[in-house]
Every structure is written in C-alpha cells, then in structure tokens.
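Each chain is listed here by its residues.
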Amino acid sequence: MKRSISLTVGLVLSGLLGLVDVVSLPLGTDGPPVAVLVIGTVLGLGTIAGVVLAWPNRSRAGAVTVIVTRLLSALTAVPAFFVAATPAAARGAAAAGIVITLLCVALVAPALRARPAGLPS
C-alpha cells in the first residue's frame, strides 16, 4: 500500500511538472530561449503520456518514460546557473524544479523493480 501511495504522489507531481512544461511555451515570452521552451514542451508531453500509461496499470514503460523525460527536463534548467544575466528568481525556480524532479524520480523509480509473479502489487 505504501508503495502505491508513493507512486501516486510521484506521478501526480510529475504530471503537474509536465503540464508546467507544456504551458511554458505559449506563456514564456520573457525567459529561456524558444528552443529550450520547445524542448520542454515536448518533454512535458512525454511526461504526461508516461503518467497516463503508468497510472492505471503501473506500466513499467510509463514509469521509465516519466523518469527519463523529467530528468531531461531538469537538465534544461541547469544553464540558468551559469548564465550571468539570469535573474535570481529564475535561478530559484530552476533549483526548485530540479529538486521537485528528483523527488518525483525517487517516488516513481521503485515501480521499476521487478515484482515476483503471483504477488499483488
């Protein structure tokens, strides 16, 4: 039961982060370059698709998709710490996004463990 709640929380948080990535493209006029926003949108859509796959039947492929897309999305935030013109608020948002992403990965990753046949998940 505990693993199920952790997975659910991880998938909900991942889905919300994916949604933020998707809406960042049309709303992000002042911030990261357009290429980063487009990549983020694609990764956000991938995250949402992974959540949809992993939610009802605990699909390993869905969990892998969520983990990979979230980690790649977090990587797109790393340049914010090295570009001198980045405002402090943007750096704080990037740091928060990375921390929440790592939390999501930690909550979803246990779903990748092989379950013995015949035991309920």
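The rules behind each value
Residues numbered from 1 in each chain as written. Predicted model: local features only at pLDDT ≥ 70, side-chain atom pairs only at ≥ 80, totals over all residues. Heavy atoms only, no water. Helix = DSSP H or I, 4+ residues; strand = E, 2+ residues; numbered from the N terminus. Contact = heavy atoms within 4.5 Å. Areas by Shrake-Rupley, 256 points an atom, 1.4 Å probe, with all protein chains shown as cover. Expected span 1.5 Å × (residues − 1). Buried < 20%, exposed > 50% of the residue type's maximum accessible area, 1.4 Å probe, protein only. Polar contact = N/O pair within 3.5 Å; in protein donor to acceptor, adjacent residues only side chain to side chain. pLDDT = per-residue confidence, 0-100.

S.K.: What should I look at first to understand the overall build of the protein in this one?
M.R.: Looking only at helices and strands, one finds 4 helices and 0 strands in the protein. Along its sequence from the N terminus, the protein presents helices and strands in the succession α-α-α-α. For the protein, the share of sequence-separated contacts (at least 6 apart) that also reach a separation of at least 24 residues comes to 65%. Carbon together with sulfur atoms contributes 76% to the accessible area of the protein, which is approximately 7200 Å² in total.

S.K.: Help me understand helix α4 (residues 88-108), please; the structure alone is not making it clear to me.
M.R.: Given 3.6 residues per turn, any residue in an α-helix points the same way as the ones three and four places further on. Here α4 spans 30 Å end to end across 21 residues, near enough to the 30 Å set by a 1.5 Å rise per residue. Buried residues of α4: Ala94, Ile98, Thr101, Cys104, Val105, Leu107 and Val108, and no others.

S.K.: So what exactly am I meant to see when it comes to helix α3 (residues 60-75) here?
M.R.: Taking 1.5 Å as the rise per residue, α3 with 16 residues should run 22 Å; its terminal C-alpha atoms sit 23 Å apart, in good agreement. Looking only at α3, the buried set comprises Gly62, Ala63, Val66, Ile67, Thr69, Arg70, Ser73 and Ala74. Between the side-chain oxygen at the start of α3 and the backbone nitrogen of Ala61 there is a gap of 3.2 Å, and the oxygen is on Ser59.

S.K.: Just checking my understanding: could you explain the confidence of the model for the protein for this structure?
M.R.: Low-pLDDT portions of the prediction should not be read for the details of their coordinates. In this model, the protein carries an average pLDDT of 87, and 88% of its residues clear a pLDDT of 70 or more. Summarising per-element confidence for the protein, the mean pLDDT is lowest in helix α1 (residues 2-27) (87) and highest in α3 (95).

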